[in-house]
Amino acid sequence: MRIVDNIKVWGEPLENAVSQAVTCSKYGDVLGVALMADHHKGYSQPIGGVVAYRNMISPSGVGYDIACGNKAVRTNLMWEDIRDQIATIMDNINSTISFGVGRNNPTPVDHELFDDASWKLFDTIEPGLQHKLKTLARNQLGTVGSGNHFVDIFVEEATGKVWIANHFGSRGFGHKVASGFLNLAAGRQFSGKAPGESMDQPPTLFDLNSEMGDMYWDAMTLAGRYAYAGRDYVIEQVLGILGTSAEYAVHNHHNFAWKEQHMGEEVVVVRKGATPLASGQLGFVGGSMGDISVIVEGIHSEENTESFRSTVHGAGRTMSRTQAAGKMNYKLRTRMGGEISEAQMHEAIRAYGVELRGAGTDESPFVYKKLQDVLNAHANTLKINHVLRPVGVAMAGGNEFDPYKD
């Protein structure tokens, strides 16, 4: 860990992300800001950025994919049990689970979450808004989205055990909540047309004790529960495909805000692309499709305290999506340019032993740091409990339009 412009930074500092972190430190009542080793530039708050506010909440800091996170489970299967069926398994996952922007679940899921009284808050904002958002959420529960969101099968080589993991958030519902409250903060209607955030704009902030802050907190919390329900549902679907059950689970967000105690104060910790990891707390950290993923556990240390008990959420990109895949022509549904070809990507993942469904070259192994290098920067804050190698990866196709993929 090092200090750069009064920002605590793990890993190699990226100037544009550090600059964003400095901006975040200057707005609102901020206890401190930290950048995890997978940090890179994001919307308003850097990905891998952690900001601790006194009695404030930042909807731009939490971001558009509220409660994006991971769930990982260890099954009672051994790799030898499914090795010969992995292609069929991945076909079944790809055909059973909906991937992509705006996709609905062919079989709408009835969940107790939809009876929660918190949905009523939306009708206090706009007449009929509750029904509109609940319908969207109900239709999309259990779908995965695009970008770096995935459903993977892993093998733990130390034990031969089969694991399942997924990565996605609150889908269109979370995006509507985020854009709606950013609209309200700017004096627009919740459902009005938003111009979109600038990457470099200062954070949008609400006082936690204000009506707006209270409503956003409740809406964010509801989106968090929705994201958990979606990840639970998808894991159950894959367990059903495998004909097995889970014997161990790890589940948490990395785009969210938490009320926590730090440095003797109660603060709101906004983590964008950063995983909470207190001493003894578990987290799943995913690498690329051609690299390991891990289950980590926080340890009690001075560095862990300095990080606001946080760690990375992934390996971190080394190449932009456009640089990797080229510029997309969405009318023609084709890309032009790009440094990584599909042939290169498929050759790399075949060599690593991965059965791939979907994904574009902007998610290839070539565009990410090696996860172990990133984890090494946090060696004084965590320990690695399980090392997992991907054997099956399912993602949306490479030509999905999603302006907020990261």
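Residues numbered from 1 in each chain as written. Predicted model: local features only at pLDDT ≥ 70, side-chain atom pairs only at ≥ 80, totals over all residues. Heavy atoms only, no water.

Engineer: Before we move on, can you summarise the overall build of the protein chain with the specific residues and values?
Structural biologist: The helix and strand tally for the protein chain stands at 11 helices and 20 strands. On C-alpha atoms alone, the protein chain measures out to a radius of gyration of 20 Å, which is about the 22 Å that the 2.2 N^0.38 rule sets for 406 residues. In terms of overall dimensions, the protein chain has a C-alpha envelope of 60 × 50 × 45 Å along the principal axes. Across the 406 residues of the protein chain, 57% fall into the buried class. Contacts spanning at least 24 positions in sequence make up 75% of the contacts within the protein chain whose residues lie at least 6 apart. When the accessible surface of the protein chain is summed, it comes to about 16200 Å², and 48% of that surface belongs to carbon and sulfur atoms. Averaging the coordinates of the 37 positive side-chain charges in the protein chain and doing the same for the 46 negative ones gives two points 5 Å apart. (Helix = DSSP H or I, 4+ residues; strand = E, 2+ residues; numbered from the N terminus. Rg over C-alpha atoms; globule rule 2.2 N^0.38 Å. Buried < 20%, exposed > 50% of the residue type's maximum accessible area, 1.4 Å probe, protein only. Contact = heavy atoms within 4.5 Å. Areas by Shrake-Rupley, 256 points an atom, 1.4 Å probe, with all protein chains shown as cover. Lys, Arg positive; Asp, Glu negative; His and termini not counted. Charge placed at Lys NZ, Arg CZ, Asp CG, Glu CD.)

Engineer: Residue-level account of the confidence of the model for the protein chain, with values.
Structural biologist: Atomic detail in the predicted coordinates should be set aside for any region of low pLDDT. On average, residues of the protein chain score 94 in pLDDT, and 96% of them reach the 70 mark or higher. In this model, residues 401-406 is a region of pLDDT below 50 whose contacts with residues beyond four sequence positions or in other chains number 22 contacts. (pLDDT = per-residue confidence, 0-100.)

Engineer: Lay out unusual backbone geometry in plain terms, naming residues and giving numbers.
Structural biologist: The backbone of Asn6 shows a phi angle near 70°, a positive value even though the residue is not glycine. Within the fold, Asn6 resides in the loop between strand E1 (2-4) and strand E2 (7-9). Phi at Arg171 takes a positive value of approximately 55°, unusual for a residue other than glycine. Within the element layout of this structure, Arg171 appears in helix H6 (residues 171-185). Arg171 sits in the buried class, given a relative accessible area of 12%.

Engineer: So what's going on with the packing of aromatic side chains? Which residues, and what values?
Structural biologist: The tally for this structure, following the rule as stated, stands at 14 aromatic pairs. Considering the side-chain rings of Phe173 and Tyr226, the 5.6 Å spacing of their centres and the 80° angle between planes classify their relative orientation as edge-to-face. Here Tyr226 lies in helix H7 (residues 211-242) and Phe173 lies in helix H6, a separation of 53 residues in the sequence. Ring-pair connections join several aromatic residues into one group, and the members of that group are Phe114, Trp119, Phe122, Phe173, Phe181, Phe190, Phe206, Tyr216 and Tyr226. Sitting over the ring of Tyr368, Arg317 keeps its end group 5.3 Å from the ring centre. (Phe/Tyr/Trp six-rings, centres within 6.5 Å; stacked < 30°, edge-to-face > 60°. Lys NZ or Arg CZ within 6 Å of the ring centre and 35° of its normal.)

Engineer: Summarise the sheet that holds E1; cite the residues concerned and give the values.
Structural biologist: Pairing is mixed across the open sheet formed by six strands, whose spatial order is E1-E2-E3-E4-E12-E11. Looking along the sheet, the strands with just one partner apiece sit at the ends: E1 and strand E11 (255-262). For this sheet, the mean inter-axis angle between neighbouring strands, taken without regard to orientation, is 25°. Note that E2 and strand E3 (residues 30-40) share two bridges and pair parallel. Opposite Lys8, over in E3, you have Ala34 as the bridge partner. Helix H1 (residues 15-25) rests against E1, E2, E3 and strand E4 (47-53) of the sheet, and its axis sits at about 165° to E3. Contacting E11 and strand E12 (265-272), H7 crosses the sheet at an angle of about 115° to E11. (Pairing = 2+ DSSP bridges. Axes fitted to C-alpha atoms, helices over the stretch in contact; angles between N-to-C directions.)

Engineer: Could you give an account of the environment of Ala343, naming the residues involved and the relevant values?
Structural biologist: Position of Ala343 relative to the elements: it lies in helix H10 (residues 342-352). Ala343 sits in the exposed class, given a relative accessible area of 54%.

Engineer: Talk me through the packing of H6 against H7; I want residue IDs and the actual numbers.
Structural biologist: Contact geometry of H6 with H7 gives a least axis separation of 9 Å together with a crossing angle of 170°. One way to sum up the angle between H6 and H7 is to call them roughly antiparallel. Within the contact between the two elements, H6 uses Arg171, Phe173, Val177, Phe181 and Leu184 and H7 uses Met212, Met215, Tyr216, Ala219, Leu222, Ala223 and Tyr226. Of the residues assigned to the contact of H6 with H7, the class counts are 11 nonpolar, no polar and one charged. (Parallel < 35°, antiparallel > 145°, perpendicular 65-115°, else oblique. Nonpolar A, V, L, I, M, F, W, Y, C, P; charged D, E, K, R; others polar.)

Engineer: Before we move on, can you summarise the layout of surface pockets with the specific residues and values?
Structural biologist: Put simply, the second largest pocket is a space of about 280 Å³. Taken together, 17 residues form the lining of the second largest pocket, with Lys176, Ser179, Gly192, Lys193 and Ala194 sitting closest to its centre. With five residues, the top contributor of residues to the lining of the second largest pocket is H6. Partitioned by chemical class, the residues of the lining of the second largest pocket number seven nonpolar, seven polar and three charged. (1 Å grid on protein atoms, 1.4 Å probe; cavity = no way out; pocket = protein on both sides within 12 Å on 5 of 7 lines; lining within 4 Å. Points joined across faces, edges and corners; volume = space filled by probe spheres on them.)

Engineer: Before we move on, can you summarise empty space enclosed by the protein with the specific residues and values?
Structural biologist: Evaluation of the coordinates by the stated rule reveals two cavities of 30 Å³ or more. Of the voids in this model, the largest cavity is the one considered here, and its volume is about 350 Å³. Residue lining of the largest cavity: 26 residues in total, with Asn148, Phe150, Gly286, Gly287 and Tyr368 positioned closest to the centre. Listed by contribution, the elements that provide at least two residues to the lining of the largest cavity are strand E7 (150-156) and strand E20 (382-397).

Engineer: Quick one: what's the story with the pattern of salt bridges, residue by residue and with numbers?
Structural biologist: Across all of its chains, the model carries 19 salt bridges by this definition. Lys8 is the salt-bridge partner of Glu306, the closest N and O atoms lying 3.3 Å from each other. Note that Glu306 is positioned in helix H8 (residues 302-306) and Lys8 in strand E2, a separation of 298 residues in sequence. Using a relative accessible area of 24% as the deciding quantity, one classes Glu306 as partly exposed. Between Arg357 and Asp91 there is a salt bridge, with its nearest N and O atoms 2.7 Å apart. You can see Arg357 sitting in strand E19 (residues 355-359) and its partner Asp91 sitting in helix H4 (residues 86-96), a full 266 residues away along the chain. Residues participating in the shared-partner salt-bridge network are Arg317, Arg321, Asp362 and Glu363. (Salt bridge = Lys/Arg side-chain N within 4 Å of Asp/Glu carboxyl O.)

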